[in-house]
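Close look at the chain arrangement
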Amino acid sequence: MLRAALIGLPATGKTTLFQLMTAVREAGRAAQGRGEVQVGVSKVPDPRLDRLTAMFNPKKHTPATVEFADLAGAGGGAKALVDVVAYKNADALVHVVRAFTDQAVPHVSESVDAARDAQAMEDELILADLGVVERRLERLDKDLKKSKSADLEKERDLLMRCRDALENGTPLRALNLAGEDLKRLRGFQLLSAKPLLLVINLDEADVAEAGGSVEKAAARTGLTAFLSRAATLAVPVCAKIELEIAQLDPADAAAFLSDLGLEQSGLNRVIRATYDLLGYMSFFTVGEDECRAWSIPRGTIAHVAAGEIHSDIQRGFIRAEVVAYDRLIARGSLAACRDHGEGRLEGKEYVVADGDIINFRHAT
Ligand SMILES: Nc1nc2c(ncn2[C@@H]2O[C@H](COP(=O)(O)OP(=O)(O)OP(=O)(O)O)[C@@H](O)[C@H]2O)c(=O)[nH]1
Ligand SMILES: [Mg+2]
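Residues numbered from 1 in each chain as written. Chains lettered and ligands numbered in written order. Predicted model: local features only at pLDDT ≥ 70, side-chain atom pairs only at ≥ 80, totals over all residues. Heavy atoms only, no water.

A closer look at the pattern of salt bridges
- Overall, the coordinates contain 24 salt bridges when judged by the stated rule.
- When the shortest N-O distance is used, the salt bridge between Arg331 and Glu342 registers 3.0 Å. Pair noted here: Arg331 is in helix α15 (residues 325–331) and Glu342 is in the loop between α16 (334–339) and β11 (344–346), with a separation of 11 residues, a long-range link.
- Exposure remark for Arg331: the relative accessible area of 32% places this residue in the partly exposed category.
- Of the residues examined, Glu342 reaches a relative accessible area of 16% and is grouped as buried.
- Each of Asp151, Lys154, Glu180 and Arg184 takes part in salt bridges that share partners, so that together they form one network. (Salt bridge = Lys/Arg side-chain N within 4 Å of Asp/Glu carboxyl O. Helix = DSSP H or I, 4+ residues; strand = E, 2+ residues; numbered from the N terminus. Buried < 20%, exposed > 50% of the residue type's maximum accessible area, 1.4 Å probe, protein only.)

This is how it looks when you write it as structure tokens:
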């Protein structure tokens, strides 16, 4: 399961968004105290699954999911933040930054400045990581004095690169580390290496004016420079409007959104962006019993994708019968796709494409 942690200063709208995204709303159970965590699961909106469901009319349909953890505001400093995020083992950080001006909601810094707060959080993440990296480097130096090890030397080189970046105020996610490097760092839970989604919580008027455009929302809140340099995604929302939308029936909600010039609710955009940010995509299984979206990282091969469904299917893997989503929609049925030679038989090493409809043939 993909896990994202909601972080930010106190009273930026984290819990409001969390409750709306996950429908976890137990009175008094919201994360409030320092270090308290509340966890919930969100369905990843995907219009393709809706169309497949309409086509196959299955008994049930199952979307991909993302788990969100709601953390209490990080006014307590970097240490509190590290403890909580490391505890949750989050794959991504979702920083809810306040850009709404409401006088009734006090701001810890007494003024609303989204760019300042975004940078302050970035600094906290960087500082926390620098501490971890320096401690590890000291230990490594000691160990390397005792005995030479090519592996430890590689680790030291990597950590020195990380330290240089951090000392220059560069978050580790901007280094675009991959493969072996990424594996080496995994155990350290370095916060600035985690993908970051900035949720800009705007005033109602500003969200209407931005109409879902990140560029406009960033310009309005002074975040343009921050977003261009920090290898970060952003989504503008207004948590207050989302609360109102959640109380409408679906038809009214759609009309309300289109009046604001928005195609999708802010909640759906946050969930979707978290999924995309992590480099995940979906393949589908279809049938009369169930239509289902399965989450895999981009670049996953069919053999591994099969294991996502069941280890037996992976073990007994024979072939993957694959139809591209667009072809299925164009032809209207799997049979029609096969008649036109658009049903492919792929082997274990086939790299699954986003939206593939797959039937795994396997020995039992
Ligand atoms: N005007 C306005 N108020 C909002 C908005 N989002 C949240 N609030 C209000 O801000 C207050 C704090 O919201 P929460 O969602 O509890 O904030 P939080 O980030 O979880 O706060 P902590 O858990 O203390 O860190 C509540 O009174 C919300 O109703 C918004 O978009 N506009
Ligand atoms: Mg909260």
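Remarks on the pairing of strand β6 (residues 196–201)
- With six of its six residues buried, β6 lies for the most part within the structure.
- In β6, alternate side chains face the same way, and those of Leu196, Leu198 and Ile200 on one face and Leu197, Val199 and Asn201 on the other are all buried.
- With six bridges connecting them, strand β5 (residues 92–98) and β6 associate as parallel partners. Looking across to β6, one finds that Arg98 is bridged to Asn201.
- In this sheet, strand β7 (residues 233–237) lies alongside β6 in parallel orientation, the contact comprising five bridges. Bridge assignment links Leu197 to a residue of β7, and that residue is Leu233. (Pairing = 2+ DSSP bridges.)

Some thoughts on the sheet that holds β5
- Read across the open sheet, the six strands follow the order β2-β4-β1-β5-β6-β7; overall the sheet is mixed. At either end of the open sheet lies a strand with only one pairing partner, and these are β2 (37–43) and β7. For this sheet, the mean angle separating the axes of adjacent strands, direction not counted, is 25°.
- Where β2 meets strand β4 (residues 65–71), seven bridges bridge the pair, whose relative direction is antiparallel. Bridge assignment links Gln38 to a residue of β4, and that residue is Asp70. (Axes fitted to C-alpha atoms, helices over the stretch in contact; angles between N-to-C directions.)

With respect to the domain arrangement of the chain
- Entries for the chain in the domain assignment read domain 1 (2–277) and domain 2 (299–362).
- Between the C-alpha centres of domain 1 and domain 2 there is a distance of 33 Å.
- Buried surface at the junction of domain 1 and domain 2, summed over both partners, amounts to about 630 Å²; 72% is from carbon and sulfur atoms.
- Among the residues domain 1 hides against domain 2, the three largest losses belong to Arg48, Arg51 and Met55. Together they make up 71% of the total.
- Here Asp354 and Arg48 are joined by a salt bridge, their closest N and O atoms 3.4 Å apart.
- On the surface where domain 1 and domain 2 come into contact, there are one residue pair in polar contact (both at pLDDT 80 or more). (Domains from an automatic or database assignment. Buried area = accessible area lost by both parts, 1.4 Å probe. Polar contact = N/O pair within 3.5 Å; in protein donor to acceptor, adjacent residues only side chain to side chain.)

Observations concerning the nonpolar core
- Counting residues in hydrophobic clusters, the biggest one holds 38 residues, and the most contacted among them are Leu52, Phe68, Leu197 and Val199.
- In terms of residue count, helix α12 (residues 266–277) provides more of this core than any other element does, six residues in total.
- Both domains that furnish three or more residues to this core are identified here as domain 1 (2–277) and domain 2 (299–362).
- Within the second largest apolar cluster, 23 residues are counted, among which are Ile200, Leu223, Phe226 and Ile245. (Core = buried A, V, L, I, M, F, W, Y, C linked by side-chain atoms within 4.5 Å.)

A few points about the layout of surface pockets
- Of the pockets and cavities examined, the largest pocket occupies roughly 750 Å³.
- Taken together, 24 residues make up the lining of the largest pocket; nearest its centre are Asp91, Leu182, Arg186, Ala193 and Pro195.
- Across the lining of the largest pocket, the residue classes break down as 15 nonpolar, four polar and five charged.
- Of the volumes computed, that of the second largest pocket is approximately 530 Å³.
- Lining the second largest pocket we find 23 residues, and of these Pro45, Ile245, Leu257, Ser265 and Asn268 sit closest to its centre.
- Looking at the lining of the second largest pocket, the elements with two or more residues in it are α1 (14–22), β2, α10 (239–246), α11 (250–259) and α12.
- Here the lining of the second largest pocket is built from residues that sort into 14 nonpolar, five polar and four charged. (1 Å grid on protein atoms, 1.4 Å probe; cavity = no way out; pocket = protein on both sides within 12 Å on 5 of 7 lines; lining within 4 Å. Points joined across faces, edges and corners; volume = space filled by probe spheres on them. Nonpolar A, V, L, I, M, F, W, Y, C, P; charged D, E, K, R; others polar.)

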